[in-house]
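# An overview of the molecular structure
Okay, here's what each chain looks like letter by letter:
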Amino acid sequence: MSDVGQALAFAGVIGLAAASPGPDFAVVVRRSVVAGRRHGMVAAVGVAAGVFVWSVAAAVGVAALLTASAVAFTVVKLVGAAYLLWLGVSALLAARRGGPGPDESLSGRVEGRLWGSFRDGLLTNVLNPKCGVFFVAVLPQFAPVEGTTGDVLLLSMVAVAVTIAWFVVVANLVAALRRVLSRPAVRRSLDAVTGAVLVALGLRLATS
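So, here's what we can say about the structure. (Residues numbered from 1 in each chain as written. Predicted model: local features only at pLDDT ≥ 70, side-chain atom pairs only at ≥ 80, totals over all residues. Heavy atoms only, no water.)

What follows concerns the overall build of the protein. Secondary structure summary: the protein contains 10 helices and 0 strands in total. The linear arrangement of helices and strands in the protein, starting from the amino end, is α-α-α-α-α-α-α-α-α-α. Counting only contacts in the protein whose residues sit at least 6 apart along the sequence, the fraction spanning at least 24 positions is 87%. Summing over all exposed atoms, the protein offers an accessible surface of approximately 10200 Å²; the carbon and sulfur share of this is 71%. (Helix = DSSP H or I, 4+ residues; strand = E, 2+ residues; numbered from the N terminus. Contact = heavy atoms within 4.5 Å. Areas by Shrake-Rupley, 256 points an atom, 1.4 Å probe, with all protein chains shown as cover.)

Within this model, the largest pocket holds a volume of roughly 570 Å³. In terms of lining, the largest pocket is formed by 23 residues, of which the most central are A17, P23, D24, N128 and C131. Secondary structure elements with two or more residues in the lining of the largest pocket: α1 (4-19), α2 (23-35), α3 (37-60), α7 (129-142), α8 (149-176) and α10 (184-207). (1 Å grid on protein atoms, 1.4 Å probe; cavity = no way out; pocket = protein on both sides within 12 Å on 5 of 7 lines; lining within 4 Å. Points joined across faces, edges and corners; volume = space filled by probe spheres on them.)

Time to look at a nonpolar patch on the surface. A cluster of nonpolar side chains, contributed by V71, V75 and V79, occupies part of the molecular surface with about 260 Å² of accessible area. Looking at where V79 falls in the secondary structure, it is placed in helix α5 (residues 70-97). On the accessibility criterion, V79 (43% relative accessible area) is partly exposed. (Patch = residues over 30% accessible without salt bridge, like charges linked within 9 Å, V, L, I, M, F, W, Y side chains within 5 Å. Salt bridge = Lys/Arg side-chain N within 4 Å of Asp/Glu carboxyl O. Buried < 20%, exposed > 50% of the residue type's maximum accessible area, 1.4 Å probe, protein only.)

Within the secondary structure, N128 sits in the loop between α6 (110-126) and α7. With near-sequence residues (within four places) excluded, N128 lies in contact with W54 and L205.

Let us look at the pattern of salt bridges. One pass over the structure, following the stated rule, counts 2 salt bridges. Between R31 and D120 there is a salt bridge, with the nearest N and O atoms lying 2.9 Å from each other. One end of the pair, R31, is in helix α2; the other, D120, is in helix α6, with 89 residues separating them in the sequence. Grouping residues by exposure puts R31 and D120 together as buried. Two residues, D120 and R119, come together in a salt bridge whose shortest N-O distance is 3.2 Å. For D120, a relative accessible area of 5% puts it in the buried group.

What follows deals with the packing of α2 against α5. α5 packs onto α2 with a crossing angle of 35° between their chain directions and a minimal axis gap of 12 Å. When you trace α2 past α5, the crossing you get is left-handed. For the pair α2 and α5, contact is made by P23, V27 and R30 and by L84, L87, S90, A91 and A94, respectively. The residue makeup of the contact of α2 with α5, split by class, is 6 nonpolar, 1 polar and 1 charged. (Axes fitted to C-alpha atoms, helices over the stretch in contact; angles between N-to-C directions. Left-handed = near helix turned anticlockwise from the far one by under 90°. Nonpolar A, V, L, I, M, F, W, Y, C, P; charged D, E, K, R; others polar.)

A separate point is the side chain of T163. Positionally, T163 belongs in helix α8. By relative accessible area, which is 2% here, T163 ends up buried. Every residue in contact with T163, bar those within four places of it in the chain, is listed here: I14, V47, A48 and V51.

Quick reminder: α-helices carry 3.6 residues per turn. Residues three or four places apart thus point the same way. Look at α3: 35 Å from first C-alpha to last across 24 residues, which is about the 34 Å you get at 1.5 Å a residue. Just past α3, the residue G61 takes up positive phi, approximately 95°. (Expected span 1.5 Å × (residues − 1).)

Here it is, written out as structure tokens:
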């Protein structure tokens, strides 16, 4: 990409979008509190992987097709809403029990639980069709008119890098406070709030 200024401007837009409160933020925060810094960072990588999927999809027209098709958009929207509701209800149940959710049991293998953190970050982002709409609207504004595949991939990597940077910072800040946040009363309150937020976001996505 010849215009470095455009790349920096694109990074700024992605940064603002990443910093906006939403499902991605809630998932990274909860994973950081429930399982620690490593899991929060893995969830952040999952979110960034979803961003890469959407940016490439927008570049090749898949996201535009999804946006143009009311049926496809609705299907993805409802699946995404159902997943957010599942995460939210799991958090609410954990708050009620005062313990971890079903996939956070200490009896599970570390690798499996790490995969769970990545999965939650990835699916929360990929199953949100609004992310596709965002990239369809934004990416063409910064890609060169006669851009090559390399230009698009560069913009995609910029989006991935900014997303990872932001959510890794979030994961580390939350993990640094984990000793306080992991106290039973605080943990239950946080699970309740996070669960309520995820349920609300799922219902909002389903009805929007």
